[in-house]
Amino acid sequence: MNEDKEIPKNYDFVTKEPFWQEFWEKAGIYKFDTESEKSVFSVDTPPPYVSAAHLHVGHAMSYSQAEFVVRYKRMMGFNVFYPMGFDDNGLPTERFVEKKHKIDKSKISKKEFIELCLKETKEGGETYRNFWRSLGISVDWSLLYSSINDHCQRTAQRSFIDLFQKRLIVRKEEPVVWCPTCQTALAQSDLEDMEQDTFFNYINFKFEDGAIAPIATTRPELIPACVALYTNANDPKFGKYIGKKAIVPLFDYEIPVLADENVDPNFGTGLMMVCTFGDSEDIERWKRDNLETRIAIEKNGRLTDIAGKYSGLKIKEAREQILNDLREDSTLVKQEPLQNVANVHERCNTIAEFIITPQWFIKVVDNKDDWRKRGKELNWYPKFMKSKYDAWIDGLKWDWCISRQRFYGVPFPVWYCEKCENIILPKDKDLPVDPSSMTDLVTECPKCHSHDIRPEVDVMDTWMTSSLTPLINSYWQYPENVSLMKKIYPMNLRVQAFEIIRTWLFDTVVKSHYHTNSLPWKDVMISGWGLDDKGRKISKSLGNFVEPETIIRQYSADALRYWSAESTLGQNLRYNEEEIKVGKRTVTKLWNATKFVFIHLSDYKFDPNFDQTNLDDADRWILEELRLAVINYHTNFDQYEYAKAKDAIFHFFWDNLCDNYLEFVKHRLYCEEDSIGKEAAKWTIYKVILAVIKLWAPIMPFITEELYQMFFKNSEEEISIHISRLPLETDFNNNSEIAAKFNSILQIVEEVRKYKASKNYSIKKQLAKLVVSSDNNVILANNELLQNVLSIKEIISGKGEQEINSDLSISIIEENAE
RNA sequence: GCGCGCUUAGCUCAGUUGGUUAGAGCAUCUCGUUUACACCGAGAGGGUCGGGGGUUCGAAUCCCUCAGCGCGCACCA
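Sequence order as written defines the numbering, with residues in each chain counted from 1. Naming scheme: in the order in which they are written, chains are lettered from A and ligands are numbered from 1. This being a predicted model, a pLDDT of at least 70 is required before a residue's local features are given, and a value of 80 or more before pairs of side-chain atoms are given or counted; all residues contribute to the totals for chains, interfaces and linings. Here the side-chain values reflect all heavy atoms present in the structure, with hydrogen atoms and water set aside.

(A) Quick look at the packing of aromatic side chains. By convention, a stacked pair of Phe, Tyr or Trp rings (six-membered ring in the case of Trp) has centres within 6.5 Å and planes under 30 degrees apart, an edge-to-face pair has planes over 60 apart, and any other such pair is tilted. Tallied over the entire structure, the rule returns 51 aromatic pairs. When the centroid spacing of 5.4 Å and the interplanar angle of 75° are considered together, the rings of Trp371 and Tyr514 count as edge-to-face. Of this pair, Trp371 sits in helix α8 (residues 368-377) while Tyr514 sits in helix α13 (residues 501-516), placing them 143 residues apart in sequence. Think of it in three bands: residues with accessible area under 20% of the maximum for their type are buried, residues over 50% are exposed, and the middle band is partly exposed, with areas taken using a 1.4 Å probe on protein chains only. Take Trp371: its relative accessible area is 0%, and that puts it in the buried class. On the numbers, 5.9 Å between centres and 55° between planes, the contact of Tyr604 with Tyr686 is tilted. Of this pair, Tyr604 sits in the loop between α16 (577-600) and α17 (617-638) while Tyr686 sits in helix α19 (residues 676-696), and the two are 82 residues apart along the sequence. Put simply, DSSP H or I for four residues or longer makes a helix, DSSP E for two residues or longer makes a strand, and each gets a number counted from the N terminus.

Laid out in C-alpha cells, this is it:
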C-alpha cells in the first residue's frame, strides 16, 4: 500500500466506479489479444435491439449473469473474446421509430425513414453503451459491431449467396404469414398466441338439392373466399353429399363438397368451410386437393373486389356487416361465445393473415433430424432448456421466410431479369450491395442479355443477420482473417435468455450447420428473466419499471450485480431491493475488513516461501476453510452456476473470515513486539484477503479493483485484479485434520456463548471469541477465564466433548454469578 | 391437449447421487458493542418441505396421482 496516504474511512463508489471503468478501458484490460498463444474463450452475446430504449433491472440482471462467467474465465487465464453488438436494423427498430415519431410507412420516403432509423439507433446505442459501462460489463469495445454496418451487411449477403448456391434458399410464391399492420411477410417464429373472445357463428349454406348445409365458423368475413365444404365420409347426415355441390350464401356461387377423414362429425356442425385462407388447415387442403383460389383479403387487411359490396372494408367491419346481412335473411342461425387463440404478430399484436406473395425462404422443415442432432451435440446449461428447442423443431410447419416488405434492413443481393426471370447475383467484391440504389451494377442479364433488369426491393428479416453473430464476429469468408476464425470459431459459449431459443438460438444453429457444417458454439447458457417484486414481467405498461441507473446511483453497480448473482441458472429472479442492500453491505464489509488488515500490514512484504510450519491452528483452519470454498467456487463456476459460487465466497467471507478469524488474529496483530506468531498471522491474512477479493472480483468488479489497487498493487504483478489469476485448490496445503479439530473446539465455544446469551449475561465480544496462541494452545481471551484453558486443552487431548462442555458452562456461570 | 420449470420459515430462495436435530439472507424480537465495520456482533422465535398414496431400515430428495402458479409447443372448421 501507499504509506503516505491515509486510508479513507469510507469507500465512495459514486466517484470510484466511473473511475475504474475508465481505467479499464484506457489500460485495455479487456482487450482480446489476437497474437496470444493462450487458450481462447469466445463468447457470443445478444446484440439487443436498440429500440428497447429504456432498460430495466431485468436487462441489468441478464447481462451481469453472462458477464460473471466472462470475468471468471478471464481470471482463469483465458484469452477472452467478448464482443458486443447492436441489433439496429429490421422490423423492431422500424416499429420503434414509427411509434416514437408517429409515422405512417406509406407517407414517408424510404430515404427519410432510414435516416430517422439511423439517428434513433445511434442514440439508442449510446444509451446502451453508457449503461453497460456503468454496470461494469467487461466488453472489448474494439469488437463492437452493429447489424446495419457494412461488415454485417456483407456477411448477411454472403450468407444469402452461399445458401442460394447450395440451393438451401428458394424463392416461392405461396401462402405466407402476413401482418396487415406492418404490411410485410413474416416467419413462423414472429408469431405469438393471443387469447381472444369471439363467436362461433352457425351459418346455413345450401346443398344443390336445396337442403340446408349448416357450417360453423369464427371468420364469417371469409365467406366470399369459401372454396369448398368438407365432411367426414362416415358422417350420417352429410356423408351422402360428398361429390355434390353447395351454394355459398350472400355470394351465391357453387362450391364442391369434399371428403376428409380429419373432419370430426361431432365438432361444430360436422361440415367444415374451407377458404382462401383462414388458417393452415385451409392451406393444407388447398394444396392437397387443388382447390380454387379466391383471395378476399388484401395486403392492407381490407377486403378485395371478390367481396362485392363488402370490398374495401376492414376485416372486423366486414365481419359485422356480413353477420348483419346473414342475420336478416335468417341464414345466421346462432352465435356461441367462444374463447380461442389467434396467431398475432409479436411486434404489433395484429392478427396475422395468409397472403399469396413471392418470398424468399430458407429450407428448414425438411431437415428436422439435423436440427435435433445439433441440439443433442450442444451442451445446455441448464439442461432442461433443451426441451424448448426440441418443441420448436417438432412444431415447425413452414420454411423460414426471410424477406420483409420493409425499408430498413439488409437488402437482398439480387436482381431479376424481367425477360427470362433469371436471378442475378452480384460479385463478392461488390458486397455489400443495395440493388435498388445501385442500378448500374447489373445492367444486363448474363443469360438472355436483356437489359430489362429489376432490382429486389425487399429487405431481410432481422434474424437473418443476428443468426450470424458467431460468423460476423469471426469474420467468416474474409480470406485475410482466417486465423481469427480458427481461433474463436466455433465459439465456446452462447449466452441468452430462454424466450429467444426458437429464434436466435435455433436460427444460429441452422446457419452454422449450413455454412460451416458445425455447431456455432460448444456451450449455451440460458438465463431466466428479471421480474418485478411480485413476480410479474417488467414492462412500462404495468408501471413496475425499475431503472438500473437509479439503483446504481443509490447502491452501486456492485450491489446491483450482487442481486443479479442470486438466481440459480435458468430461473427467473424477482426484483428485491433488500438483496441489493445486502450487496451494498458486502461492499462496505469488504472495504472495512481489508482496511483493518492493512492498518497492521502497512510495511508488510509478502513472502511466498514463508515457512508454513510456523502457522497457528487458527491460520491453518482459515486456510483450510478457504481451500474448501475455492473448490466449491470452481466446481460451480465451471458449470456456469455463478449463484452457487457466490454463496461459497459469501459464506467464507462473512462467517469464517470476518466473524471469526479476524477476531482470532487480533491479539497477535495488536501485539507490540515482533514474533514469528505475528509474522504467521500477517502472512496468512495477506494471502486470505487477496484470495477473497479475487474470488469476489467476477461478481463485484469495482470494490475489488479499488482494494487491489490500494493495497496489493505494489506487491502483485498484474496491473488490474481482473487479469490476475484466481486462487486454485493447489495454492493451499491440505490442513483438513487440524481444521477438523479446530472446528470441534469452535463448536464448544459456540455452546458456551449460546449458554451465556440465553442467561442474559453481559459478555464482551472478545470474551466470546476463541483465540489460538502461537504454541497451538487454545485460550479464551479473557484473563478471568484463563483457567478454562486447561479444560479446552483436555478436550483436544481426548476427553469427551459433552462432559467438558458442561464443565465449561458451569464454571462460567460461577464466574459471573452475582 | 402435450412438454418443461416451480410449490421448503412472514418474505426471497439454497438444499449435489435418499442418511444424524431441514439451511441462508432479509424481516421480527432479545442482548451486546470505546479499539475494521451500527452498512456491526451474539442469540431467540418461526417450517407436519403444496395435498394424497407408494417404495425403503430411512424420503424435501425416488415412483404414482391430484392441485395451484409460470413458461413453451400444439390445437384453434
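(B) Representation of the protein's contact with RNA strand B in the model. By nearness alone, 52 residues border RNA strand B, and Ala216, Asp279, Arg585, Thr588 and Tyr670 come closest of all. If a single non-hydrogen atom of a residue is within 4 Å of a molecule or strand, that residue counts as near it. The contact atoms of RNA strand B, taken as those within 4 Å of the protein, divide so that sugar and phosphate hold 71%. At 2.7 Å from a base oxygen of RNA strand B is found a main-chain nitrogen or oxygen belonging to Val341. Counting of polar contacts relies on pairs of N or O atoms within 3.5 Å, with two restrictions inside protein: one atom must be capable of donating a hydrogen and the other of accepting it, and residues adjacent in sequence are counted only when both atoms are side-chain atoms. One nitrogen or oxygen atom from the main chain of Gly395 is found 3.2 Å from a phosphate oxygen belonging to RNA strand B. With 11 residues, the single largest contributor to the surface near RNA strand B is α16. Looking at the surface near RNA strand B residue by residue, the classes come out as 18 nonpolar, 12 polar and 22 charged. Basically, the charged four are Asp, Glu, Lys and Arg, the nonpolar ten are Ala, Val, Leu, Ile, Met, Phe, Trp, Tyr, Cys and Pro, and anything else, Gly included, counts as polar.

(C) Expanded view of the sheet that holds strand β18 (residues 415-417). A pair of strands is treated as paired once DSSP finds two or more bridges between them. Taking strand neighbours across the sheet as the criterion, the three strands line up as β19-β18-β20 in an open arrangement whose pairing is antiparallel. What marks the edges here is a single partner per strand, and that holds for β19 (423-424) and β20 (453-455). Judged from the two bridges that link them, β18 and β19 form a sheet pairing that is antiparallel. The residue bridging Tyr416 from the neighbouring strand is Ile423, located in β19.

(D) Up close: the confidence of the model for chain A. What pLDDT expresses is the predictor's confidence in each residue, scored from 0 to 100. Per-residue pLDDT for chain A has a mean of 88; in total, 90% of the residues score no lower than 70. In the model, residues 759-818 has pLDDT below 50 throughout and makes 89 contacts with residues more than four positions away in sequence or in other chains. Here the complex is predicted with pTM 0.92, and the ipTM for its interfaces comes to 0.95. Contacts between residues were defined by any pair of non-hydrogen atoms, one from each residue, lying within 4.5 Å.

(E) Main features of unusual backbone geometry. Here the amide bond leading from Tyr381 into Pro382 is cis, since omega sits at -5°, within 30 degrees of zero. For Pro382, the location among the structural elements is in the loop between β15 (379-381) and α9 (386-394). Here Tyr489 and Pro490 are connected by a cis peptide whose omega angle stands at -5°. Positive phi outside glycine occurs at Leu250, with the angle close to 65°. Along the chain, Leu250 falls in the loop between β10 (245-247) and β11 (254-259).

(F) Representation of the sheet that holds strand β2 (residues 79-81) within the structure. Reading across the sheet, the five strands line up as β2-β1-β22-β23-β15 and stay open at both edges, with parallel pairing between neighbours. The open sheet has two edge strands with one neighbour each: β2 and β15. When the angles between neighbouring strand axes are averaged without regard to direction, this sheet yields 20°. The sheet contact formed by strand β1 (residues 40-44) and β2 spans three bridges and is parallel. In the sheet register, Phe41 faces β2, and the bridge partner there is Val80. Every axis corresponds to a line fitted to the C-alpha atoms, with the helix fit spanning only the stretch in contact, and the corresponding angles, defined between N-to-C directions, vary from 0 to 180 degrees.

(G) Representation of the pattern of salt bridges in the model. Note on definitions: salt bridges are taken to be side-chain nitrogens of Lys or Arg within 4 Å of carboxyl oxygens of Asp or Glu. The tally for this structure, following the rule as stated, stands at 47 salt bridges. Of the charged contacts, one joins Glu67 and Arg561 as a salt bridge, the two residues approaching to 2.6 Å between their closest N and O atoms. Of this pair, Glu67 sits in helix α2 (residues 57-75) while Arg561 sits in helix α15 (residues 557-564), and the two are 494 residues apart along the sequence. In this pair, the class of Glu67 matches that of Arg561, namely buried. Close ionic contact of Lys166 with Asp162 constitutes a salt bridge, the shortest N to O distance being 2.9 Å. Exposure remark for Lys166: the relative accessible area of 37% places this residue in the partly exposed category. The class for Asp162 is buried, based on a relative accessible area of 12%.

(H) Broad picture of the packing of α16 against helix α18 (residues 642-670). Between α16 and α18, the shortest axis-to-axis distance is 11 Å and the interhelical angle comes to 25°. Relative to α18, the element α16 lies roughly parallel. The chirality of how α16 crosses α18 is left-handed. Seen from α16, the contacting residues are Val582, Arg585, Thr586, Lys589, Leu590, Ala593, Phe596, Val597 and His600; seen from α18, they are Phe650, Phe653, Trp654, Cys658, Leu662, Lys666, Leu669 and Tyr670. Here the contact of α16 with α18 is built from residues that sort into 12 nonpolar, two polar and three charged. Throughout, the term roughly parallel applies to angles under 35 degrees, roughly antiparallel to angles over 145, roughly perpendicular to angles from 65 to 115, and oblique to all others. A crossing counts as left-handed when the near helix is turned anticlockwise from the far one by less than a right angle, and as right-handed when that turn is clockwise.

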